[in-house]
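Letter by letter, the chains look like this.
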Amino acid sequence: GESVGLHLPTLSVQEGDNSIINCAYSNSASDYFIWYKQESGKGPQFIIDIRSNMDKRQGQRVTVLLNKTVKHLSLQIAATQPGDSAVYFCAESSGNTPLVFGKGTRLSVIA
Amino acid sequence: SAVISQKPSRDICQRGTSLTIQCQVDSQVTMMFWYRQQPGQSLTLIATANQGSEATYESGFVIDKFPISRPNLTFSTLTVSNMSPEDSSIYLCSPNRGSEDTGEQYFGPGTRLTVT
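Sequence order as written defines the numbering, with residues in each chain counted from 1. Following the order in which they are written, the chains are lettered starting with A and the ligands numbered starting with 1. Only residues with pLDDT of 70 or above have their local features reported here, since the model is predicted, and side-chain atom pairs are shown and tallied only from 80 upward, although totals for entire chains, interfaces and linings are computed over all residues. By convention in this description, side-chain values take in all heavy atoms of the structure and omit both hydrogens and water.

Trainee: What is the right way to read the state of the cysteines from this model?
Mentor: Structurally, a disulfide amounts to a covalent bond that connects the sulfur atoms of two cysteines. The criterion for a disulfide is a pair of cysteine sulfur atoms lying within 2.5 Å. Enumeration over the complete set of coordinates arrives at two disulfides over all chains. With its sulfur 1.7 Å from that of its partner, C23 of chain A forms a disulfide with C90 of chain A. With C23 of chain A in strand β2 (residues 19-24) and C90 of chain A in strand β8 (residues 86-93), the pair connects residues that are 67 residues apart, well separated along the chain. Type-normalised accessible area, obtained with a 1.4 Å probe on protein chains alone, sets the label of each residue: buried when under 20%, exposed when over 50%, and partly exposed for intermediate values. Residue classification places C23 of chain A among the buried positions, given a relative accessible area of 9%. Here C23 of chain B connects covalently by a disulfide to C93 of chain B, the sulfurs 2.0 Å from one another. Residues C23 of chain B and C93 of chain B are joined by a disulfide whose S-S torsion is about 75°; by sign, that bridge is right-handed. Under the scheme used here, helices are H or I runs from DSSP no shorter than 4 residues and strands are E runs no shorter than 2 residues, and both carry numbers assigned from the N terminus.

Set out below in structure tokens:
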């Protein structure tokens, strides 16, 4: 099938370790951020979001951190599993404008 | 979350032909976004479609090449016209955030287009 993220930066993590995926954004007016997971042959899957009035939000095994000062967003995955292997995209929006996507990072989990 | 389906899921087309991609959502949504994902790349917005008005296209995309229809609040189509190999991409539809504009934005499974 169609491969996603052939030329993207890759993060390799041992199974069970924590993963940290980083994203820099450029629009200081962005007030809403989302992390997506995309597996090969599938559309992007919503993971977690955060609004600019927060600097941290936790979900199930995932945490998103937002640093507005340096315009940086990170996704932390605890106890990484083989099923977490995918390409991860951050996306940003200002008000109700359409999402603008970052370049993506391929996460490879080593069993 | 909204249930979004796309047809076809994939297609192989000859250059010079056109393909219409359908997107169906299980709830009424105000806006429908169409994105393109070229091989190995991130998602790029093509256009935003509202019911009853002409779609708004992003820089680099034009209506003649990517005509869009939005006949009702649950359905939209994107046509890729006069295709060339450079149009080989995944095309994705996405309704505006949540079925009630409350936040999360979801994507369809995508249509994988290969132009030969």
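Trainee: Can you walk me through the confidence of the model for chain A in this structure?
Mentor: Taken over all residues, the pLDDT of chain A has a mean of 91, while the share at 70 or more is 94%. pLDDT measures the predictor's confidence residue by residue and takes values from 0 up to 100. Mean pLDDT across the elements of chain A bottoms out in strand β9 (residues 100-101) of chain A (93) and peaks in strand β6 (residues 62-67) of chain A (98).

Trainee: Please clarify how the sheet that holds strand β7 (residues 68-72) of chain B should be interpreted in this entry.
Mentor: What links the strands of a sheet is backbone hydrogen bonding, and the strands pair in either a parallel or an antiparallel sense. Residue and element names in this part refer to chain B. Strand pairing requires that DSSP identify at least two bridges connecting the strands. Strand order in the open sheet made by the four strands is β1-β3-β8-β7, with antiparallel pairing throughout. Each edge of the sheet is formed by a strand with only one pairing partner; in this case those strands are β1 (4-7) and β7. Recorded for the sheet is a direction-independent mean angle of 15° between the axes of neighbouring strands. Angles shown run from 0 to 180 degrees and are taken between the N-to-C directions of axes, each axis being a line fitted to C-alpha atoms and, for helices, limited to the stretch in contact.

Trainee: Is there a simple way to explain the interface of chain B and chain A in this structure?
Mentor: A common way to express how large an interface is: the accessible area buried when the components associate. Note on definitions: a residue-residue contact is assigned when non-hydrogen atoms from the two residues lie within 4.5 Å. With 23 residues of chain B at the interface, the matching set in chain A holds 29 residues. Surface buried jointly by chain B and chain A totals about 1900 Å² across both partners, of which 55% is contributed by carbon and sulfur atoms. Any carboxyl oxygen of Asp or Glu that lies within 4 Å of a side-chain nitrogen of Lys or Arg is treated as forming a salt bridge with it. Inspection of the region where chain B meets chain A yields zero salt bridges. N or O atoms closer than or at 3.5 Å make up a polar contact, with two conditions inside protein: a donor-capable atom paired with an acceptor-capable one, and, for residues adjacent in sequence, both atoms drawn from side chains. Linking chain B with chain A are six residue pairs in polar contact (both at pLDDT 80 or more), by the criterion used here. What gets called buried area is simply the loss in accessible area from a 1.4 Å probe that two parts show on being joined, summed for both.

Trainee: What exactly am I supposed to notice about the packing of aromatic side chains here?
Mentor: Each aromatic ring pair is summarised here by two numbers: the centre-to-centre distance and the angle between the ring planes. We call Phe, Tyr and Trp rings a pair once their centres come within 6.5 Å, taking the six-membered ring for Trp, and we label the pair stacked below 30 degrees between planes, edge-to-face above 60, and tilted otherwise. For the structure on display, the rule yields 11 aromatic pairs over all chains. Ring centres of F46 of chain A and Y106 of chain B lie 5.8 Å apart, and the angle between their planes is 55°; this geometry places the pair in the tilted category. Placement of the pair is F46 of chain A in strand β4 (residues 45-51) and Y106 of chain B in the loop between β9 (89-95) and β10 (111-115), with the two residues belonging to separate chains. Like F46 of chain A, the residue Y106 of chain B is buried in the burial classification.

Trainee: Is there a simple way to think about the pattern of salt bridges in this case?
Mentor: Oppositely charged side chains are able to pair whenever their charged atoms sit close together. All names here are of chain A. Evaluated as defined, the whole model comprises four salt bridges over all chains. Across the salt bridge formed by D49 and R57, the nearest N and O atoms sit 2.2 Å from each other. The exposure class assigned to D49 is buried, which follows from its relative accessible area of 7%. Classification of R57 as partly exposed rests on a relative accessible area of 35%.

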